[in-house]
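Architecture and fold: a report
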Amino acid sequence: MSTAYRLFASFGTIALFVASGYALTAFVPSLREKSFVRRLAWAYLLGIAYAGVTLYALSHWAGVELRRGAILSVLAVPLVLAASRGRAARRREGRTGPSLSRFQRAACAAALGAGGLVSAAVLAHAVSSVESGYDPRMTWNAAAAYVRTAHSVNPPALLDKNVYIQNPRYPLLLPVLQVVGQEIFDTDDDERTPRPLYALLLPVLLLLVFDVAQPHAGTTAAAVTVVVIAFLPAVVFDIGSGALTSYSDLPLGILWGAGLVLALRAPWSPPEALAGGLLLGAAALAKTEGLLLAGVAVGIVCLRAARRLVRRFAGSRRGGPWLRAAGGTLAVFLFAAALNLSWRAGIPNRYAETWDDVTLRQVLSGTAARIPVVLPLLGTQMARAELWSGFWWLAAAVFVLGIRAFVRPPARFLSLAVAGALCVYIAAYGASGWAPSDLVPTTWNRFLCQLSLPVFVLFAMALGNALRSFVTTGWRRTGLSG
């Protein structure tokens, strides 16, 4: 396979996901109204979530073979539906955002320069170099090869308990996405072909952080946060967790974080709820812990809706729309969760992580015993300059100075979701048979990447509040606090 055709296949696959996802954004009012570039970022996420979940379900439950015709048919459905809506699905024209000050424009230019530079570097590495990470080569690329050979998410290699496979019950959303491009363009097994699918998620993360944070934190704080992210090795260049490799942690984090944001959007509406549920469902099928993280997010959504229901009965406000939206998110998530569990049930478990089959009592007792050992190890990892460049010290100061940002609903619910995810991680350490000193260094930074979107949005919110609280009146006139 020539280099030119490999690049054509890589970016052709991306274009198909974007086109399908862009059609889906036509049905989500809050996404349809965004600028073209921001809408593209959301479109890519929705495209991979829709394609991955749909093909996964059709293959497992309906026995549909993952071949070119079936894949293209699935990708074409949103395009056909969006075209049938005509003008109703088009973005309203003439809407312009607020004018920016000179300082805000400079901050946005810095964010664009830093984000563009690191994204170009990561993408260049993806198209020119073989995979560097251990897990992608041992787990994800191997799983994609099994799926493509069998044209099914139930390949013989996974079903045969005598075949040596590490973590055979890891869900297959990302390998299915790799197979999409390989089947459509009939490529060989060059592992560089699917790598741009992962590399493109870095600029998507940067765009989503800016897009989600800007209304709550201000343009300056959102832009500064993007610059900060661009210089974090753990997120960008680390071969054990960052965007430079095809690890599943950053994709899981972006799917989970974006789904959480959409599902929590107020006022709620069914389109946002279903889109959020789709992204959370994709997160549940992206990695083992994704099911628990998505469950945390959906639990918060349902609790929020229940609170609205109580207020409705009290007569203070209507709760019907909130309940319908929460029901939509819950329904899509339950579909993906059922798919995950149904698929896992048919895979003989062997050579898996030791926390795969444990009781609740073991989790609780192990967590209580290990917390004093685990917490110092977490701090050691977060203090590693070669990974985080002092970010967590900066974040601690920003969170203290901008603490008033956390009293507002968006930050409260995002904080609750992050806290729930941290409980999942701590429980995983408690349930594992591995010694914390061996387990934490290889997993904690990946977990932090899974939390990247909500954590960085919270950082931007706190930074924006700190700027508004502490700058002088003269600085405000320059736009620094916006």
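Residues numbered from 1 in each chain as written. Predicted model: local features only at pLDDT ≥ 70, side-chain atom pairs only at ≥ 80, totals over all residues. Heavy atoms only, no water.

**Quick look at the packing of aromatic side chains**
Under the counting rule described, the total for this entry stands at 17 aromatic pairs. Seen from their ring centres, tyrosine 56 and tryptophan 343 are 6.0 Å apart, and the 90° between their planes marks the pair as edge-to-face. Of the two residues, tyrosine 56 is situated in helix α3 (residues 36–62) and tryptophan 343 in helix α16 (residues 320–345); the sequence distance between them amounts to 287 residues. Tryptophan 343 matches tyrosine 56 in its accessibility class, with the two residues each being buried. For the pair tyrosine 429 and tryptophan 444, a centre-to-centre distance of 6.4 Å together with 50° between the ring planes defines the contact as tilted. Within this pair, whereas tyrosine 429 is found in helix α20 (residues 409–431), its partner tryptophan 444 is found in helix α21 (residues 436–450), the two being separated by 15 residues in sequence. For tryptophan 444, a relative accessible area of 4% gives the class buried. (Phe/Tyr/Trp six-rings, centres within 6.5 Å; stacked < 30°, edge-to-face > 60°. Helix = DSSP H or I, 4+ residues; strand = E, 2+ residues; numbered from the N terminus. Buried < 20%, exposed > 50% of the residue type's maximum accessible area, 1.4 Å probe, protein only.)

**Quick notes on the environment of glycine 133**
Tracing the backbone shows glycine 133 in the loop between α5 (102–128) and α6 (134–150). Residues glycine 133 and isoleucine 239, 106 residues apart in the sequence, show an inter-C-alpha distance of 5.5 Å.

**Details of the confidence of the model for the protein**
Across the protein, the average pLDDT comes to 89, with 91% of residues at or above 70. The model gives residues 472–482 a pLDDT under 50, and that stretch makes 22 contacts with residues more than four places away or in other chains. (pLDDT = per-residue confidence, 0-100. Contact = heavy atoms within 4.5 Å.)

**Structural notes on the packing of helix α17 (residues 360–382) against α20**
Axis separation between α17 and α20 bottoms out at 7 Å; the angle between their running directions is 105°. The angle between α17 and α20 places the two elements in the roughly perpendicular class. Here Gln362, Val363, Gly366, Thr367, Arg370, Ile371, Val374 and Leu378 of α17 lie close against α20, whose contacting residues are Ile426, Ala427, Tyr429, Gly430 and Ala431. Taken together, the residues that form the contact of α17 with α20 break down as 8 nonpolar, 4 polar and 1 charged. (Axes fitted to C-alpha atoms, helices over the stretch in contact; angles between N-to-C directions. Parallel < 35°, antiparallel > 145°, perpendicular 65-115°, else oblique. Nonpolar A, V, L, I, M, F, W, Y, C, P; charged D, E, K, R; others polar.)

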